[in-house]
Amino acid sequence: MSRTNASDPVTVSPLLHLPESAWPELDRAAFANAFDRSHDVFDDQGRGARLKPSTRDSIRYGYRRWLGWLSSRHPALLAAPPETRASPEMIRAFVAHLRETCSPRTVASQIGRLHDGLRFMFPARGWTWFKAIKTRLERAVPAAGRKPIEITSQRLIDASLARMDAVDLALATTVPGVSRKHLQALALRYRDALLVAIATFSPLRRTNLSQLELGTTFRREPSGWVIRIPGDLVKNGEPAEADLEDWLNIHVDRYLAVYRPLIFASQHHQGLWASARGRPATGDALYNAFQAEAKASLGLHLTLHDTRRIGVTTWAVHDPVNAAGARDLLGDRSDRILAQHYNLASGIQASRNMAKVIGSLKGCK
């Protein structure tokens, strides 16, 4: 095997992201001025501070990539005022660089982050030309082809209820003196099945599911358990609300009375979805738990986002007259998206009708 001699030149990989500690002082000051939460909310210069933390982090990530490219390809420009570095020619060159290793969707996303960063940092410059480039890149992204999910919400709910019943049976037949670890495993299985039921009944994004807290966003009222998430915590800015039905209230009550107390340190926090780490489960953890539970119960690869797609399809199957109201499940006002689910629902209903016809013909023999 050959060895590298000490005299051989060392190949240094180009820097993709410039660490924030290495940013030019003008860039650090401009970014802080635009996105630092210490600014008055009515101060136009700090208007980026009103964005969600995840959005600010995404913009910071994009700006780091831009500065990383400049530092490796055009280092002299780092000494120039930040707002003067971006020109149509420079952005086209940056896009060409990104295309070497990134998909069209990632390129469009990266350029969108940089555009947002610059427009918040230097709003007086307008950036109309940059917005036009960003828009063209977004429109050029190929439509994501997703295989239709030909099931309804009822199938998901039935599977989750069956899984909770199975956990109840396992607990009832557990021998005395079993380890706490075994009991916690049962509790987590019940929790995950309940997660599927609630996420199907009220299709929330992973972040909002993780924000369900006993007594506040998830509380008991005379009519039963309700979800009340304020609009400032929801992606589309509109409150997420749902009143759970009696059949689901029964399982929530049982989870809180029997299973949640078996999960490590659950008494020390108010998160609905207690985790074995002694704190509320994160959005990513719930996302993974949902996938694993759907795979175990139905043998299907489903994500939390799929519950919203399935919900719209279910609505279109069972209440086609009022199906337009189902767009609220998606948090999307696009009639095109709604039509996709309605067409799928129509196909499912047609298949059912055909099955009935075939069944009746068989009965005539």
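Because the structure is a prediction, the values reported are computed rather than measured. (Residues numbered from 1 in each chain as written. Predicted model: local features only at pLDDT ≥ 70, side-chain atom pairs only at ≥ 80, totals over all residues. Heavy atoms only, no water.)

Engineer: Would you explain the overall build of the protein chain in this entry?
Structural biologist: Helix and strand content of the protein chain: 14 helices and three strands. In the protein chain, which comprises 365 residues, the proportion classed as buried is 41%. The contacts in the protein chain between residues at least 6 apart in sequence include a share of 60% that link residues at least 24 apart. In the structure as shown, the protein chain presents an accessible area of about 20200 Å², 55% of it carried by carbon and sulfur atoms. (Helix = DSSP H or I, 4+ residues; strand = E, 2+ residues; numbered from the N terminus. Buried < 20%, exposed > 50% of the residue type's maximum accessible area, 1.4 Å probe, protein only. Contact = heavy atoms within 4.5 Å. Areas by Shrake-Rupley, 256 points an atom, 1.4 Å probe, with all protein chains shown as cover.)

Engineer: How do you make sense of the layout of surface pockets when you look at a structure like this?
Structural biologist: If a probe as big as a water molecule is rolled over the atoms, it shows which places are left empty. Considered as a void within the structure, the largest pocket measures approximately 1000 Å³ in volume. Around the largest pocket, the lining is made up of 25 residues, and of these S54, R205, R206, T207 and K235 lie nearest the centre. Put simply, the parts of the chain that give the lining of the largest pocket at least two residues each are α2 (53-73), α9 (206-210) and α12 (304-318). Among the elements that make up the lining of the largest pocket, the one with the highest residue count is α12 (four residues). Looking at the lining of the largest pocket, its residues break down into seven nonpolar, seven polar and eleven charged. (1 Å grid on protein atoms, 1.4 Å probe; cavity = no way out; pocket = protein on both sides within 12 Å on 5 of 7 lines; lining within 4 Å. Points joined across faces, edges and corners; volume = space filled by probe spheres on them. Nonpolar A, V, L, I, M, F, W, Y, C, P; charged D, E, K, R; others polar.)

Engineer: Teacher, can you tell me more about the sheet that holds strand β1 (residues 218-221) here?
Structural biologist: Note: strands within a sheet are paired through backbone hydrogen bonds, in either parallel or antiparallel orientation. Strand order in the open sheet made by the three strands is β1-β2-β3, with antiparallel pairing throughout. What marks the edges here is a single partner per strand, and that holds for β1 and β3 (240-243). On average, each strand axis in the sheet is tilted by 25 degrees relative to the strand beside it, whichever way the strands run. As paired elements, strand β2 (residues 224-229) and β3 share four bridges and run antiparallel to each other. Bridge pairing in β3 places V226 opposite D243. (Pairing = 2+ DSSP bridges. Axes fitted to C-alpha atoms, helices over the stretch in contact; angles between N-to-C directions.)

Engineer: Hey, could you run me through the pattern of salt bridges in this one?
Structural biologist: Close approach of charged atoms allows side chains with opposite charge to pair. Inspection of the entire model under this criterion finds 13 salt bridges. Across the pair E20 and R60 runs a salt bridge, and its minimum N-O distance is 3.1 Å. Highlighted residues: E20 in the segment before α1 (25-35) and R60 in helix α2, separated in sequence by 40 residues. Residue classification places E20 among the partly exposed residues on the basis of a relative accessible area of 33%. Judged by its relative accessible area of 24%, R60 is partly exposed. Between R28 and E25 there is a salt bridge whose closest N-O contact spans 2.6 Å. You can see R28 and its partner E25 sitting in helix α1, three residues apart, about one turn around the helix. (Salt bridge = Lys/Arg side-chain N within 4 Å of Asp/Glu carboxyl O.)

Engineer: When you look at the packing of helix α7 (residues 153-172) against helix α8 (residues 180-201) in this model, what are you seeing that I'm missing?
Structural biologist: A pair of packed helices is captured by two measures, namely the crossing angle of their axes and the spacing between those axes. Two elements in contact, α7 and α8, have axes separated by 9 Å at closest approach and are oriented at 160 degrees. As the angle between them shows, α7 and α8 are arranged roughly antiparallel. With respect to the hand of their crossing, α7 and α8 are arranged in left-handed fashion. Seen from α7, the contacting residues are S153, L156, I157, S160, R163, M164, V167, D168, A170 and L171; seen from α8, they are L183, L186, R189, Y190, A193, L194, V196, A197 and T200. The class makeup of the residues in the contact of α7 with α8 is 13 nonpolar, three polar and three charged. (Parallel < 35°, antiparallel > 145°, perpendicular 65-115°, else oblique. Left-handed = near helix turned anticlockwise from the far one by under 90°.)

Engineer: So what exactly am I meant to see when it comes to the pairing of β1 here?
Structural biologist: Within a regular beta strand, the side chains point alternately toward one face of the sheet and then the other, so they alternate between its two faces. Strand direction decides the pairing type here: β1 and β2, joined by four bridges, are antiparallel. Pairing of F218 across the sheet is with I227, part of β2. Between β1 and the antiparallel strand that follows it, β2, lie two residues.

Engineer: Would you mind showing me how to read the environment of R220 here?
Structural biologist: Along the chain, R220 falls in strand β1. Residue R220 is classed as partly exposed on the basis of its relative accessible area, which comes to 45%. Residues R220 and N249, spaced 29 residues apart in sequence, show a C-alpha to C-alpha distance of 9.4 Å. Excluding residues that lie within four positions of it along the chain, R220 makes contacts with W225, N249 and D253.

Engineer: When you look at the confidence of the model for the protein chain in this model, what are you seeing that I'm missing?
Structural biologist: Residues shown with low pLDDT carry predicted positions that ought not to be read at fine detail. For the protein chain, mean pLDDT is 82; residues scoring 70 or higher make up 78% of the total. Counting contacts from residues 323-327, a segment whose pLDDT is below 50, to residues more than four positions away or on other chains yields 13 contacts. Note on residues 329-365: pLDDT under 50 across the span, and 45 contacts to partners over four residues away in sequence or across chains. (pLDDT = per-residue confidence, 0-100.)

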